[in-house]
Amino acid sequence: MNGSDVNQHFHTIKKEKTDNKREYLFDNYKVLLILMVVMGHFIEPCTDNNTFLYELKWIIFSVHMPAFVFVSGYFSKKDPSMKKLVKGLVIPYFVYEIIYYLLYTFVLHKSTGLYFARPKFSLWYLMALFVWKLATPYVKKIPFYLMISIGMGLIVGLFDIGNFLTIPRIVFFFPFFLAGTEFDSSIIIQLRDRFRSAAAFAILTAMVTWLFVDNRHHNLSVKVFYGRQSYDEIGLDAIDGILIRCACYLISFILIYLLMFIVPAKKKRYSYLGQRTMPVYIFHGMIYSCLEYGTSILQKVESAQESAVLLTACVALVWVLGQKPFFELTNRISNLI
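A brief structural summary. (Residues numbered from 1 in each chain as written. Predicted model: local features only at pLDDT ≥ 70, side-chain atom pairs only at ≥ 80, totals over all residues. Heavy atoms only, no water.)

### Describing the overall build of the protein chain
On a plain count of helices and strands, the protein chain comes out with 14 helices and zero strands. Along the protein chain, helices and strands appear, N-terminal first, in the series α-α-α-α-α-α-α-α-α-α-α-α-α-α. Taking 20 Å as the expected radius of gyration for a compact globule of 337 residues, we find that the protein chain reaches 21 Å, a close match to that expectation. Out of the 337 residues in the protein chain, the part that is buried amounts to 44%. Summed over its atoms, the accessible surface of the protein chain is roughly 17,500 Å², and 65% of this surface lies on carbon and sulfur atoms. (Helix = DSSP H or I, 4+ residues; strand = E, 2+ residues; numbered from the N terminus. Rg over C-alpha atoms; globule rule 2.2 N^0.38 Å. Buried < 20%, exposed > 50% of the residue type's maximum accessible area, 1.4 Å probe, protein only. Areas by Shrake-Rupley, 256 points an atom, 1.4 Å probe, with all protein chains shown as cover.)

### Some details on the state of the cysteines
Scanning the entire structure with this criterion turns up zero disulfides. In this model Cys246 remains outside any disulfide bridge; the closest cysteine sulfur is found in Cys248, 9.2 Å from its own. On the accessibility criterion, Cys246 (34% relative accessible area) is partly exposed. Of the cysteine sulfurs around Cys290, a residue in no disulfide, the closest is that of Cys314, at 15 Å. With a relative accessible area of 30%, Cys290 lands in the partly exposed category. (Disulfide = S-S within 2.5 Å.)

### A closer look at the nonpolar core
Residues Tyr29, Tyr125, Trp132 and Ile256 are the most contacted members of the largest nonpolar core, which totals 91 residues. Looking at which element gives the most residues to this core, the answer is helix α2 (residues 24-43), with 11 residues. Each residue touching Trp132, except ones within four places of it in the same chain, is listed here: Val69, Trp124, Tyr125, Arg169, Ile170, Phe173, Phe174 and Phe177. (Core = buried A, V, L, I, M, F, W, Y, C linked by side-chain atoms within 4.5 Å. Contact = heavy atoms within 4.5 Å.)

Here it is in structure tokens:
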């Protein structure tokens, strides 16, 4: 075995060890979630045009952000350093806010301002992640902190705070982040052997079928899952708002765990995209904004064929934005200092 063979041999061993340490269940899970995020945004302008897109929006919003927050919490078990938080979240937040401002103002001619305290589009998540990561080590010292966080999530809906510092969503989604920090993935791996994927798929199918045949949820707004609006803003009184939000928490947690039973746990050809969700999350919003505010193409999606084309385009967009150039760009922005 010559020198190059030896180097290749050790490179292969190192790669195999690295691969063995990766939890492909979560990589694959994140691919599904980022696809739902992109679809959820792109179908929003046309969900009133056909029943399928309307119900699909309910399905997506009931789980995609709660699950993303949960997974973010899972990978945030270690106490973060302030330097890493500033590099990875604060600096990128300001950079992307400026980019969005320039895009809205000079390209789309949309009335807006450089409001750093009011995140544009999906950038609220960067601000929220910063707060959650910073606060979690202290919050977890409080007895029954998870139940208290759920209680705070219910209470915040009583107040009309708006988008200031994305406070409502920080509070509403915090229980999912905290639950993620306590999650033990080995439990799911063990349960997957006993609780077959077919059973989880059957439960999910039953829930989706119920959604399509039930008309009572049509009296509500899907914004009950957004966490941003107060109860009053979505037409609910305090009691109904709290009860419905309790139901939202329950549904979202059930879906988070059920999806783990049907997502592949082994490495797939698309698994690498699960490590590149940030560029997809950031840049799809810019493309969406251009289509939403610069054209009327999304509002005109009506037929089943047009819906299929739109959803297929979303899949393609996730793949494109998950490629190396966009991934490297977001990394560079996260390492400006």
